[in-house]
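Structural characterization, general
Chain residues, written in single-letter form:
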Amino acid sequence: MNTSRQATGKAPEKAPEKAPEKATVRAGSNIAFIKYWGVDDATLNLPQTNSISMTLADAYTTTTLEWLEEGQAATDAITLDGVPLDERKAARLVRHLDRIRGLAATERRARVVSQNNFPMASGIASSASGFAALTVAACHALDLNWSATRLSAVARRGSGSASRSLFGGFVEWERGHDDATSVARQLHPPDHWQLYDLVAVVSGAEKAVSSEQGHQLAASSPLNAGRVASLEQALHEVRTALAECDLRRLGPVIEQDALAMHAVMMTSRPSLLYWQPGTLEIIQAIRHWREQDGVQAYFTIDAGPNVHLLCEAVDVAAVQARLGTLASVQQIIVSQPGPAPLQLDEHLF
Ligand code: DP6
């Protein structure tokens, strides 16, 4: 079965004879308010539930991709943050390029240079921005004039959360029931709400278990079914809070889902424990600041120890200053809602 054909439910399309061949794209990462954790179909990357996120303006990947003439190279050449990737490290990206080659009916190999503007181990999802930028650059360079929805389905195959980075602002990824229906869509544009994401970095160490492996363990937790059953209501709450720009309504729901996801992780077999002591220090501090001092900031945590704090403009300086007093906080990265992937005229090579 040619699974890459299924990515959009359409037959391969021959790229136009005079393709532009080279494209540079900048795509923002995203922070999930309702998390994607657990797959129904690991090959197609079909999630168990919908998820909702905010695309980030200030944490992005820039990727230049050039398709080489047929026969010019036997393999793809990929450089990430200045380091040429060996075969093992490049494998997941090459598999994604293979999907795009299958969809476009081309055998051409690619030269790829990709740069993150944030440290890879910062707790900001580089796979989301990385696979979104790679997908859009690869398709633009082949002059494939695909819609953002179609590109979202293709990006999803590379990394689930990348499907959401195809859109700017506030985004929902529909669970869907097959390869073409599991796509993201924009709920609100970036200027709908000036919400800030402050990432408090407590550890730069690479995680021992990847999200890719973790998604397959979710079903082994006795808590997974409970989380999935409660999500319909949580998704509704988040959609309403976003529509009304109501942080006091949004905050408690995103905190609960982050904790529910980590409870699933911790109780999977084998157990996944992404937290460090600093993670708990920040959770307890933020609760205290809210209760004692009325600081309106709420946390969420991805598959790692670093904590994202969501707050509005009036509280950014206070939250930043308070985070700076915690012993475990090594670095703070601040971001606002960002745009859909942008095509740039300047290339990285
Ligand atoms: C905890 O999208 O990184 O950040 O599809 O294997 O690349 P792959 O997984 P990935 O998983 C995201 C997990 C999460 C929650 C989220 O972003 O929704």
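Here's what I pulled together on the structure shown here. Bear in mind the structure is a predicted one, so any value in this text is a computation, not a measurement.

1. A word on the packing of helix H3 (residues 126-141) against helix H4 (residues 148-158)
Geometry of a packed helix pair, given as the angle between the helix axes and the separation of the axes. With their axes 9 Å apart at the nearest point, H3 and H4 run at an angle of 130 degrees to one another. Here H3 is positioned oblique relative to H4, judged by the angle of their axes. Every pair of crossing elements has a handedness; the one defined by H3 and H4 is right-handed. Contacts from Phe131, Thr135, Val136 and Cys139 of H3 reach H4 at Leu151, Val154, Ala155 and Gly158. In the contact of H3 with H4, the residues fall into 6 nonpolar, 2 polar and no charged.

2. Here we look at the site of the ligand
Of all residues adjacent to the ligand, which total 17 residues, the nearest are Arg92, Ser159, Gly160, Ser161 and Arg164. Note that an oxygen atom of the ligand is positioned 3.5 Å from one of the side-chain N or O atoms of Asn45. Residue His215 places a side-chain N or O atom 2.9 Å away from an oxygen atom belonging to the ligand. For the shell around the ligand, the element with the most residues is helix H5 (residues 211-217), which contributes 3 residues. Partitioned by chemical class, the residues of the shell around the ligand number 5 nonpolar, 7 polar and 5 charged.

3. Describing the pattern of salt bridges
Overall, the coordinates contain 17 salt bridges when judged by the stated rule. With a closest N to O distance of 2.7 Å, Arg175 and Asp40 form a salt bridge. A residue pair is termed long-range when its members are at least 10 positions apart, and Arg175 in the loop between strand E8 (170-173) and strand E9 (184-188) and Asp40 in strand E2 (residues 39-41) qualify at 135 residues. Residue class for Asp40 comes out partly exposed when judged on its relative accessible area of 48%. For Glu172, the salt bridge identified is with Arg185, shortest N-O distance 3.6 Å.

4. Observations concerning the sheet that holds strand E11 (residues 297-300)
With respect to topology, 4 strands assemble into an open sheet ordered E11-E12-E10-E13, the strand pairing being antiparallel. The outermost strands of the open sheet, each flanked by one partner alone, are E11 and strand E13 (331-335). Each strand axis lies, on average, 25 degrees off the axis of its neighbour in the sheet, ignoring direction. In this sheet, strand E12 (residues 307-312) lies alongside strand E10 (residues 195-201) in antiparallel orientation, the contact comprising 6 bridges. Bridge pairing in E12 links Val199 to His308. Of the strands in this sheet, E10, E11, E12 and E13 touch helix H9 (residues 313-324), which is tilted by about 145 degrees from E12.

5. Describing H9
When the terminal C-alpha atoms of H9 are compared, their 17 Å separation across 12 residues agrees well with the 16 Å that a helix rising 1.5 Å per residue should span. Along H9, the residues classified as buried are Asp315, Val316, Val319 and Leu323. Buried residues of H9, seen end-on, are gathered within an arc of 120 degrees and therefore sit on one face of the element. For H9, exposure combined with an orientation more than 90 degrees from the buried face picks out Val314, Ala317 and Gly324.

Calculation notes
Residues numbered from 1 in each chain as written. Predicted model: local features only at pLDDT ≥ 70, side-chain atom pairs only at ≥ 80, totals over all residues. Heavy atoms only, no water. Axes fitted to C-alpha atoms, helices over the stretch in contact; angles between N-to-C directions. Helix = DSSP H or I, 4+ residues; strand = E, 2+ residues; numbered from the N terminus. Parallel < 35°, antiparallel > 145°, perpendicular 65-115°, else oblique. Left-handed = near helix turned anticlockwise from the far one by under 90°. Contact = heavy atoms within 4.5 Å. Nonpolar A, V, L, I, M, F, W, Y, C, P; charged D, E, K, R; others polar. Near = heavy atom within 4 Å. Polar contact = N/O pair within 3.5 Å; in protein donor to acceptor, adjacent residues only side chain to side chain. Salt bridge = Lys/Arg side-chain N within 4 Å of Asp/Glu carboxyl O. Buried < 20%, exposed > 50% of the residue type's maximum accessible area, 1.4 Å probe, protein only. Pairing = 2+ DSSP bridges. Expected span 1.5 Å × (residues − 1). Arc of directions from axis to C-beta.

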